[in-house]
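A closer look at the structure
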Amino acid sequence: MGTATEPIVIETRQDFETALDEKGVVLVDFYADWCGPCKRMNPVLEEVAEETAATLAKVDVDSQQELAQEHEVRSVPTIKIFADGNEVERLVGVQKKEQLAEIIKKYN
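A few points about the pattern of salt bridges
Evaluated as defined, the whole model comprises eight salt bridges. Between Lys 58 and Asp 29 there is a salt bridge; the shortest N-O distance is 2.4 Å. In this pair, Lys 58 is assigned in strand E3 (residues 55–60) and Asp 29 in strand E2 (residues 25–31), connecting sequence segments 29 residues apart. Under the relative-accessibility criterion, Lys 58 is labelled buried at 11%. Here Glu 51 and Lys 97 are joined by a salt bridge, their closest N and O atoms 3.1 Å apart. One end of the pair, Glu 51, is in helix H2 (residues 36–51); the other, Lys 97, is in helix H4 (residues 97–107), and 46 residues separate them in sequence. One network of salt bridges, with partners in common, ties together Arg 13, Glu 66 and Glu 70.

Quick look at the pairing of strand E4 (residues 78–83)
With respect to burial, E4 is a largely interior element, six of its six residues being buried. Along E4, one buried face is formed by Thr 78, Lys 80 and Phe 82 and the opposite face, lined by Ile 79, Ile 81 and Ala 83, is buried too. Sheet analysis places E2 next to E4, joined by six bridges and oriented antiparallel. Its bridge partner lying in E4, Val 28 is registered against Lys 80. One ladder, built from six bridges, connects E4 with strand E5 (residues 86–92); its direction is antiparallel. From the neighbouring strand, Ile 79 faces E5, where its bridge partner is Leu 91. Connecting the antiparallel pair E4 and E5 is a turn made up of two residues, with Asp 84 showing a positive phi of about 50°.

Some remarks on the sheet that holds E2
One open sheet accounts for five strands, arranged E1-E3-E2-E4-E5; its pairing is mixed. Whereas interior strands pair on both sides, the edge strands pair on one side only; in this sheet they are strand E1 (8–10) and E5. Mean inter-strand twist for the sheet, computed between neighbouring axes without regard to direction, equals 25°. Where E1 meets E3, three bridges bridge the pair, whose relative direction is parallel. When the bridges of E3 are listed, Val 9 appears paired with Lys 58. Most of the contacts of H4 go to E5, to which it runs at about 170°, and overall it touches E2, E4 and E5.

Some points on the state of the cysteines
Tallying each qualifying case throughout the model produces one disulfide. Note that Cys 35 is cross-linked by a disulfide to Cys 38, the S-S spacing being 2.4 Å. Its S-S torsion of approximately 80° makes the covalent link between Cys 35 and Cys 38 right-handed. Of the two residues, Cys 35 and Cys 38, both sit in the buried class.

Reading the values: rules and limits
Residue numbers restart at each chain and count upward from 1, following the sequence in its written direction. Restriction of local features to residues with pLDDT of at least 70 applies here, the model being predicted, together with a cutoff of 80 or more for giving and counting side-chain atom pairs; totals for whole chains, interfaces and linings are based on all residues. Only hydrogens and water are removed before side-chain values are computed, so all heavy atoms of the structure are retained for them. Any carboxyl oxygen of Asp or Glu that lies within 4 Å of a side-chain nitrogen of Lys or Arg is treated as forming a salt bridge with it. Secondary structure elements are defined from DSSP: runs of H or I of at least 4 residues count as helices, runs of E of at least 2 residues count as strands, and each element is numbered from the N terminus. Buried means the residue's accessible area, taken with a 1.4 Å probe over protein chains only, is under 20% of the maximum for its type, while exposed means over 50%, and partly exposed covers the values in between. The pairing criterion is simple: DSSP has to find at least two bridges between the two strands. For every element, the axis is a line fit to its C-alpha atoms; helices are fit only across the contacting stretch, and the angle between N-to-C directions ranges from 0 to 180 degrees. Every residue pair with non-hydrogen atoms within 4.5 Å of one another is taken to be in contact. Note on terminology: disulfide denotes any pair of cysteine sulfur atoms within 2.5 Å.

Laid out in structure tokens, this is it:
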């Protein structure tokens, strides 16, 4: 599984389910390589995962279209936050590090 410095790369539905089996908070970043705001979010998400107890998982919406549709991802970046396997928050667009850290703190 991923670590604070190494996000979990979701390549299959099983990867996604395994990532959600992680105890605690999992940030799932639905992104696209061509998306400018997604690129700006990368270092923010990595810092948040490093500085909090959250695990970061990344879903490329182009290669995982079915998963993105299933999770009703209409624009990128979309960040879904799961606590103990349950979706607890959904954020669309560029987010501030402090805001993400506060949300994570609520669920740890």
